[in-house]
Amino acid sequence: METDLKYIKEYLSSFEFEKNRGEEEVKRLRKYRACLLEDIHTQQQCLDSIDYLINEIKKYDKL
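As the structure is a prediction and not an experimental result, all values here were calculated from the model.

Asks: What is the right way to look at the overall build of the protein chain in this model?
Replies: Helix and strand counts for the protein chain come out as two helices and zero strands. Each of the 63 residues in the protein chain was classed as buried or not, and the buried ones make up 5%.

Asks: Hey, could you run me through the pattern of salt bridges in this one?
Replies: Any two side chains of opposite charge can pair, given that their charged atoms come close. Counted under the stated rule, the structure contains three salt bridges. A salt bridge links Glu25 to Arg28; the shortest N-O distance between them is 3.0 Å. In this pair, Glu25 and Arg28 both sit in helix H2 (residues 22–62), three residues apart, roughly one turn of the helix. Residue class for Arg28 comes out partly exposed when judged on its relative accessible area of 38%.

Asks: What is the right way to look at the side chain of Glu25 in this model?
Replies: Taking the relative accessible area as the measure of exposure, Glu25 reaches 8% and is therefore buried. Here the side chain of Glu25 touches Arg28 through a polar contact of 3.0 Å, side chain to side chain.

Asks: Where do I start with a nonpolar patch on the surface in this structure?
Replies: Together, Tyr52, Leu53 and Ile57 line one region of the surface with nonpolar side chains, adding up to about 340 Å² of accessible area. Assignment of secondary structure puts Leu53 in helix H2.

Rules used throughout
- Residues numbered from 1 in each chain as written.
- Predicted model: local features only at pLDDT ≥ 70, side-chain atom pairs only at ≥ 80, totals over all residues.
- Heavy atoms only, no water.
- Helix = DSSP H or I, 4+ residues; strand = E, 2+ residues; numbered from the N terminus.
- Buried < 20%, exposed > 50% of the residue type's maximum accessible area, 1.4 Å probe, protein only.
- Salt bridge = Lys/Arg side-chain N within 4 Å of Asp/Glu carboxyl O.
- Polar contact = N/O pair within 3.5 Å; in protein donor to acceptor, adjacent residues only side chain to side chain.
- Patch = residues over 30% accessible without salt bridge, like charges linked within 9 Å, V, L, I, M, F, W, Y side chains within 5 Å.
- Areas by Shrake-Rupley, 256 points an atom, 1.4 Å probe, with all protein chains shown as cover.

And the structure:
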């Protein structure tokens, strides 16, 4: 996650608008955004699995 923030900050600080290059940059950023979103979904699945295990352990302890 730290690397992602570093990449974005570096990108923004070095960004120079060049005519006719905007569409290419937008595509690149959208692709990067999609990768980040996929990472978020993966992490959410991990959290959901952990929550499930916690609930199962709590149910087992109540028996």
